[in-house]
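Chain by chain, the residues run as shown.
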Amino acid sequence: MKHAVPIMRPVVSAYTVPADAPEADATFAWDTTTVVVAEVTAGDATGTGWTYAPAAVAALVDEQLTPVIRGRDALDIPAAHDAMTKAVRDTGRQGAAACAISAVDIALWDLKARLLELPLVRLLGAARDAVPVYGSGGFTTYHDTHLAAQLNGWVHGQQIPRVKIKVGEGWGRAAARDLSRVRTARDVIGPQAELYVDANGGYTRKQAVRVGRVLAEYGVGWFQEPVSSDDLRGLALVRDAVVCDVAAGAYGYDLPYFARMIPSVDCLQVDATRCGGLTEWLRAAALAQGHGLEVSAHRAPHAHAAVAACVPNLRHVEWFHDHVRIESMFFDGALDPTGGTVRPGGGIGHGLRLRTEEVQEFRVA
């Protein structure tokens, strides 16, 4: 393209989707999920991005981000990203503002690939053809029959050889039930599949160490947020005391957060729908690689599939139950994880199209 392609005003919408069953982790319970979708047009192409955040994020895009990206060249994404980051200085870069930037940034990358008539994975440059995924759910509200059915579906139905369940129920007050559920999970998936757990920061330091030592008996290889992700020293203490790999980073909203997190974990989690989009996700992945760490994409699997294929230090992408369900409902082009991997690159951009009319019943903004 020889000439600038100016960005038009983004179209932003929000949708709230009821869960298919009550859900909870160690520290939070929910029965709905809200997705904010940004559609950005330039020339004859439209890119789509999204984040999982309150509906108010849609207004934040309109009020604070639109004025600084409208009219910019759609091909110059670093400039647009920098402008958005500076625009929210007084609002605060973390939290809702970072989610808003994320949705727009993902849309801008999709838009650029569509303008150039390329799959996003080709635009970024692939490091691999197939992206490993792990089934993620196993909420603490599930009874054993529900848990077994979900795990069976992933491991024996779709042949996904790695799965994760929630532990730390009630801020760590139900450790015996946690371990019982881990035992059930291992019985269901068999000895070969990888088993992960996520405590969502529900345990204390010493409690996490005690639980972690029992987890090793069941072959658990991934212990996510055994203590609060804000307790960096605690994460490091647990990491050094248990056999499981300790992972965290899901609540990272900017690059300095990941720089602080890296010395405390075995694998860095990065969420493109929170951290500032694909632009910041790639920077975090490079930062981790420079410290000898792998990265794992957190939630929103279809937002991550292409970018995950483009870094050499990827471990896997989270095939998170809630977001898989929503993304399959909301978009044409959803990926198939059968066999434990997804293969991005079908069609141009990230390959997804919003089913605008079909999802109107869920629209809240």
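A quick note: this is a predicted structure, and the numbers were derived from the prediction, not measured.

## Focus: the state of the cysteines
Simply put, disulfide is the name for a covalent bond between the sulfur atoms of two cysteines. Tallying each qualifying case throughout the model produces zero disulfides. Left unpaired, Cys99 is separated from the closest cysteine sulfur, that of Cys275, by 9.7 Å. Among the residues examined, Cys99 registers a relative accessible area of 5% and is labelled buried. The structure places no disulfide on Cys310, whose sulfur is separated from the nearest cysteine sulfur, that of Cys275, by 15 Å.

## A closer look at the sheet that holds strand S1 (residues 11-24)
The three strands are arranged S1-S2-S3 in an open sheet whose pairing can be described as antiparallel. Unpaired on one side and paired on the other, S1 and strand S3 (45-52) mark the two borders of the sheet. The sheet shows a mean angle of 25 degrees between the axes of neighbouring strands, direction not considered. Pairing of strand S2 (residues 29-42) with S3, which is carried by eight bridges, proceeds in the antiparallel orientation. The residue bridging Ala42 from the neighbouring strand is Ala45, located in S3. Across the sheet, helix H3 (residues 96-115) touches S2 and S3, and the angle it forms with S3 is around 150 degrees.

## Some remarks on the nonpolar core
Ranked by internal contacts, the top residues of the largest apolar core, which has 121 residues, are Trp281 and Phe330. Ignoring any residue separated from it by four or fewer positions in sequence, one finds Phe330 in contact with Tyr15, Val17, Val35, Arg353, Leu354, Arg355, Val359 and Phe362. Judged by nonpolar contacts, the second largest core, of five residues, contains Tyr196, Trp222, Ala247 and Cys267.

## Points about the environment of Ile77
For Ile77, the location among the structural elements is in helix H2 (residues 77-87). Between the C-alpha atom of Ile77 and that of Leu352, which follows or precedes it by 275 residues, the distance is 20 Å. Dropping the residues within four chain positions of it, Ile77 is found in contact with Asp105, Leu108, Trp109, Lys112 and Thr279.

## Considerations on the side chain of His81
Assignment of secondary structure puts His81 in helix H2. Classification of His81 as buried rests on a relative accessible area of 2%. From its side chain, His81 meets the backbone oxygen of Gly276 in a polar contact 2.9 Å long. Filtering out sequence-adjacent residues up to four positions away, His81 remains in contact with Arg93, Ile101, Asp105, Gly276, Thr279, Glu280 and Arg283.

## Examining the pattern of salt bridges
Counting across every chain of the model gives 16 salt bridges. For Asp231, the salt bridge is made with Arg205, and the minimal N-O distance between the two is 2.9 Å. Within this pair, whereas Asp231 is found in the loop between strand S7 (220-224) and helix H9 (232-241), its partner Arg205 is found in helix H8 (residues 205-217), the two being separated by 26 residues in sequence. A salt bridge links Glu294 to Arg315, with the shortest nitrogen-to-oxygen separation between them at 2.7 Å.

## A few points about empty space enclosed by the protein
Per the counting criterion, the structure on display carries one cavity of 30 Å³ or more. The dominant element in the lining of the largest cavity, judged by the number of residues it contributes, is helix H12 (residues 301-308), at three residues. For the lining of the largest cavity, the residue count by class is five nonpolar, two polar and no charged.

## Topic: the pairing of S3
With seven of eight residues buried, S3 lies mostly within the body of the structure. The hairpin formed by S2 and S3 contains two residues between the paired strands, and Gly43 there has a positive phi angle of roughly 60 degrees.

## What about the layout of surface pockets?
Its volume calculated, the largest pocket comes out at about 670 Å³. Along its surface, the largest pocket is lined by 30 residues, and Phe28, Trp30, Tyr52, Arg274 and Arg299 are the ones closest to its centre. Those elements giving two or more residues to the lining of the largest pocket turn out to be S2, H3, strand S5 (162-166), strand S11 (314-320) and helix H13 (321-330).

## Describing helix H11 (residues 277-290)
In an α-helix, one full turn covers 3.6 residues, which means residues spaced three or four apart are oriented alike. Helix length check: H11 (14 residues) gives 20 Å between terminal C-alpha atoms against 20 Å at 1.5 Å per residue, within 8%. Residues of H11 that are buried: Gly277, Leu278, Thr279, Glu280, Trp281, Ala284, Ala285 and Ala288. Phi for Gly292, located one or two positions after H11, is positive at around 75 degrees.

## Thoughts on H8
Compared with the 18 Å implied by 1.5 Å per residue over 13 residues, the 19 Å span of H8 between its first and last C-alpha is a close match. Taken together, the buried positions of H8 are Gln207, Ala208, Val209, Val211, Gly212 and Leu215. Those residues of H8 that are buried are in contact with helix H6 (169-172), helix H7 (175-189), strand S6 (194-198), S7 and H9. The positive-phi residue at the C-terminal boundary of H8 is Gly219, with phi of around 70 degrees.

## Re the side chain of Ser136
Secondary-structure assignment places Ser136 in strand S4 (residues 131-136). Assessed through its relative accessible area of 0%, Ser136 is described here as buried.

Parameters and conventions
- Residues numbered from 1 in each chain as written.
- Predicted model: local features only at pLDDT ≥ 70, side-chain atom pairs only at ≥ 80, totals over all residues.
- Heavy atoms only, no water.
- Disulfide = S-S within 2.5 Å.
- Buried < 20%, exposed > 50% of the residue type's maximum accessible area, 1.4 Å probe, protein only.
- Pairing = 2+ DSSP bridges.
- Helix = DSSP H or I, 4+ residues; strand = E, 2+ residues; numbered from the N terminus.
- Axes fitted to C-alpha atoms, helices over the stretch in contact; angles between N-to-C directions.
- Contact = heavy atoms within 4.5 Å.
- Core = buried A, V, L, I, M, F, W, Y, C linked by side-chain atoms within 4.5 Å.
- Polar contact = N/O pair within 3.5 Å; in protein donor to acceptor, adjacent residues only side chain to side chain.
- Salt bridge = Lys/Arg side-chain N within 4 Å of Asp/Glu carboxyl O.
- 1 Å grid on protein atoms, 1.4 Å probe; cavity = no way out; pocket = protein on both sides within 12 Å on 5 of 7 lines; lining within 4 Å.
- Points joined across faces, edges and corners; volume = space filled by probe spheres on them.
- Nonpolar A, V, L, I, M, F, W, Y, C, P; charged D, E, K, R; others polar.
- Expected span 1.5 Å × (residues − 1).

Shape is all these values report; function is a separate question.
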